[in-house]
Amino acid sequence: MTTQVQSPPQDLLRTAALPDQTGQASRAVTPARTFLAVTTIPVGTNPVGLAFIPNGDLYVANSGSSNVQTIDTATDTVIGAAIPTGTTPAWLTVAPNGNAYVPNNISNNVTVIDTATSTVITTIALSGGPAAAAVIPSGNVYVSRFAANSVQEIDTTTNTAVGAAIPTGSGPVGIAVAPNGKAYVANRSGNSVTVIDTATAAVVTTIPGFNQPNFVAIGPSGDAYVANIGSNNVTVVNTTTDTITTTIPVGTNPWGIAVGPDGNAYTANRGSNNVSVIDTTTNTTLGAPIPVGNQPIALVVAPNNKVYVSNISGASVSVIQFDPTITSITPNSGPITGGTVVTITGTNLTGASVTIGGNPATGVSVNAAGTQLTATTPPGAAGPADVTVTTPGGSTTLVGGFTYFVPVHATTLTATPALAKLFPPHVYFPFLTATLTDQVTGLPVPGQTITFKIGSNLVGIGITDAQGVARFNETLILTLILANGGYDVEFAGAATPTAILSPSSDHAGVIEP
């Protein structure tokens, strides 16, 4: 594609006939199931740039509607009124001070939005077809000027252009800053990448060897990943030596690229209406491309690893959420009565529901990164139980991940002293009594057998009633009780549907009024 520098409105966002890539060599991909976008969010006309704002919501710049809309990333719906911008807003960014900077390609200016109030603060004049914005280490913002073949720095404190324009190759678009402070600018028309020292605003070098590079993202190793529209691949640049190390085939006409918290890179393939996933450790693609909307042009990845993709011809943003994974559950056992608070660690857990042994857990709460959740176990049958986590992106099961056990409860057996009057012999209270209590619940235990002994002699048994009390008539054995100075009671222990009750015993003396 030949870019006409004099007419940025027509060229920056348009597609063009590109060479056939069917003969291009391809790398092996890792087999995986086909993922689908879990939802599609209707937005304004011709959405392009996406950027997260400090509260976690997402701004989308609608180039055809000349506005910015806010997406609530908790509900994946558009909220609030559209925020007006200049004409044809493109790839925006959000500075550390919380302001969003929106390059407006046709009206030649940059709209500054206070993301806390979603109101426009000011508009900065900037000629040359502003295209994309990126934050540099100082907190200022670089804006590429597609028709002026340069990058302009904006002071985010004063919201004014500072310093001279920094020359680039022809048709600069995407900008990304590496950990070493160097900015990498994709020159789509010049088939090159300009490297800028952001500390001095000076050009370090220009790297050739690209094919309509449009956007850049920085991987976990610090390497730069450059999406090439014209060659259907991503070029990897070593940011220490500023040399190309490899290329990775992706879908057709990748316009956008972003790296997620999982370390993978994602490309928006405008020509094939899908997203490719790159493992940046091996620099190979993972699985099949993921279908999205009509002409995906840009994407961003949330801290919880959900991928948001703007579809310029679909007036929509696709949301991709990958299958959850479980790496551990702590604790991994608990009583059959339920009520154990467990922590499940894994990935892609946002929006999760949990079942244990097929029964729903309660109180499910997921952290912002989608890597950990807490839940309360339901009641279950003794033995191992499967733990299943289900999200909008799919489900996963940890077979036998949680074990239910019947808990052991200590008990207390309390005997009541025998009451007697010797002269003349008279029993004030003709029954011996013993009360059985569950020490864990503090409740009386009914239906259990209590043995009554005098010395080594078993004299009778009693069954605890609803108040946990067992009774035995002492009338005929009073003399024996007196001779032995009291009596003993014993509970041998028992298993109930909800607990194993431990043995207990007690000795009671004689009260002689």
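Residues numbered from 1 in each chain as written. Predicted model: local features only at pLDDT ≥ 70, side-chain atom pairs only at ≥ 80, totals over all residues. Heavy atoms only, no water.

**Observations concerning the overall build of the protein**
This is how the line gets drawn: Numbering of helices and strands runs from the N terminus, with a helix taken as a DSSP run of H or I at least four residues long and a strand as a DSSP run of E at least two residues long. We compute the radius of gyration from the C-alpha atoms alone; for a globule the expected value is 2.2 Å times N to the 0.38, where N is the number of residues. The cut-offs for exposure are 20% and 50% of the maximum accessible area for each residue type, with area from a 1.4 Å probe on protein chains only; residues under the lower value are buried, those over the upper are exposed, and the others partly exposed. For the charge count, each Lys or Arg is scored as positive and each Asp or Glu as negative, with His and the chain ends excluded. Charged side chains are reduced to one point each, which is NZ for Lys, CZ for Arg, CG for Asp and CD for Glu.
Of regular secondary structure, the protein possesses two helices and 51 strands. A globule of 513 residues ought to have a C-alpha radius of gyration of about 24 Å, yet the protein, at 36 Å, is considerably larger. Reported as C-alpha extents along the three principal axes, the dimensions of the protein are approximately 125 × 50 × 40 Å. In the protein, which comprises 513 residues, the proportion classed as buried is 51%. Both charge centroids of the protein, one from 11 positive and one from 22 negative side chains, sit 9 Å from each other.

**With respect to the nonpolar core**
Convention followed: Each nonpolar core is a collection of buried residues, namely Ala, Val, Leu, Ile, Met, Phe, Trp, Tyr and Cys, held together in the definition by side-chain atoms within 4.5 Å. Should any heavy atoms of two residues lie within 4.5 Å, those residues are counted as being in contact.
Among the nonpolar cores identified, the biggest contains 25 residues, and L12, L13, W91, I257 and I297 are the most heavily contacted of them. When residues of this core are traced back to their parent elements, those giving at least two are β10 (130-135), β18 (213-218), β19 (224-228), β20 (233-238), β22 (254-259) and β27 (296-301). Beyond its immediate sequence surroundings of up to four residues, I297 is in contact with L13, P47, V48, W91, W255, G256, A268, R270, S310 and I312. Membership of the second largest hydrophobic core comes to 19 residues, among which are L413, F452, I481 and Y487.

**Overview of the pairing of β27**
The criterion, for reference: Whether two strands pair comes down to DSSP finding at least two bridges between them.
The buried fraction of β27 is high, at six of six residues. Alignment of β27 against strand β28 (residues 307-311), held across five bridges, turns out to be antiparallel. Within β28, the residue paired with V301 across the bridge is V307. Hairpin connection between β27 and β28: a loop of five residues separates the two successive antiparallel strands, and N305 in this loop has a positive phi of roughly 75°.

**Overview of the sheet that holds strand β5 (residues 77-84)**
Put simply, the test is: Orientation is described by axes fitted as lines to C-alpha atoms, over the contacting stretch for helices, and by angles from 0 to 180 degrees between their N-to-C directions.
Judged by pairing direction, the sheet is antiparallel, and its four strands sit side by side in the order β2-β3-β4-β5 without closing on themselves. A strand with exactly one partner marks an edge of an open sheet, and here the two such strands are β2 (47-52) and β5. Recorded for the sheet is a direction-independent mean angle of 25° between the axes of neighbouring strands. Pairing between β2 and strand β3 (residues 58-62): four bridges, direction antiparallel. Considered in β3, the bridge of A51 is made with Y59.

**What about the sheet that holds strand β45 (residues 457-463)?**
With antiparallel pairing, the four strands of this open sheet are ordered in space as β45-β44-β47-β50. This sheet does not close on itself; its edge strands, each paired only once, are β45 and β50 (504-508). Averaged over neighbouring strand pairs, the angle between their axes works out to 20° when direction is ignored. With five bridges joining them, strand β47 (residues 487-491) and β50 adopt antiparallel strand pairing. Note that in β50 the partner of D488 across the bridge is H507.

**Some remarks on the pattern of salt bridges**
Convention followed: Every case where a carboxyl oxygen of Asp or Glu lies within 4 Å of a side-chain nitrogen of Lys or Arg is listed as a salt bridge.
By the definition in use, this model includes four salt bridges. Across the salt bridge formed by K182 and D242, the nearest N and O atoms sit 2.9 Å from each other. Residue K182 is found in strand β15 (residues 182-187), and its partner D242 is found in the loop between β20 and β21 (243-249); the two are separated by 60 residues along the sequence. As far as burial versus exposure is concerned, K182 and D242 are alike and both buried. The salt bridge partner of E490 is K453, with a shortest N-O separation of 3.4 Å. On the criterion of sequence distance, the pair formed by E490 in strand β47 and K453 in strand β44 (residues 449-454) is long-range, its members being 37 residues apart. When its relative accessible area of 24% is taken as the criterion, K453 is described as partly exposed.

**As for the packing of aromatic side chains**
Quick reminder of the rule: When two rings of Phe, Tyr or Trp (its six-membered ring) have centres within 6.5 Å they constitute a pair, described as stacked for plane angles under 30 degrees, edge-to-face for angles over 60, and tilted for the intermediate range. Here, a charge over a ring is recorded when the distance from Lys NZ or Arg CZ to the ring centre is within 6 Å and its angle to the ring normal is within 35 degrees.
Taken as a whole, this structure holds six aromatic pairs when the rule is applied. Between F52 and Y308 the ring centres are 6.1 Å apart and the planes differ by 80°, which places this aromatic pair in the edge-to-face class. Of the two residues, F52 is situated in strand β2 and Y308 in strand β28; the sequence distance between them amounts to 256 residues. An aromatic cluster of three or more residues is present, and its members are F452, F472 and Y487. When the ring centre of W255 is taken as origin, the NZ or CZ atom of R270, which lies over that ring, is 4.4 Å away.

**Section: the side chain of N283**
Put simply, the rule reads: Identification of polar contacts relies on pairs of N or O atoms within 3.5 Å, with a donor-acceptor requirement for protein atoms, meaning one able to donate a hydrogen and the other able to accept it, and with residues adjacent in sequence counted only if both atoms are side-chain atoms.
By secondary structure assignment, the location of N283 is in the loop between β24 (274-279) and β25 (284-285). Of the polar contacts made by the side chain of N283, one reaches the side chain of Y225; its length is 2.6 Å.

**What about the side chain of T280?**
Tracing the backbone shows T280 in the loop between β24 and β25. From its side chain, T280 meets the backbone oxygen of G263 in a polar contact 2.5 Å long. If we ignore the near neighbours within four places in the chain, the residues touching T280 are P220, Y225, G263, N264 and A265.

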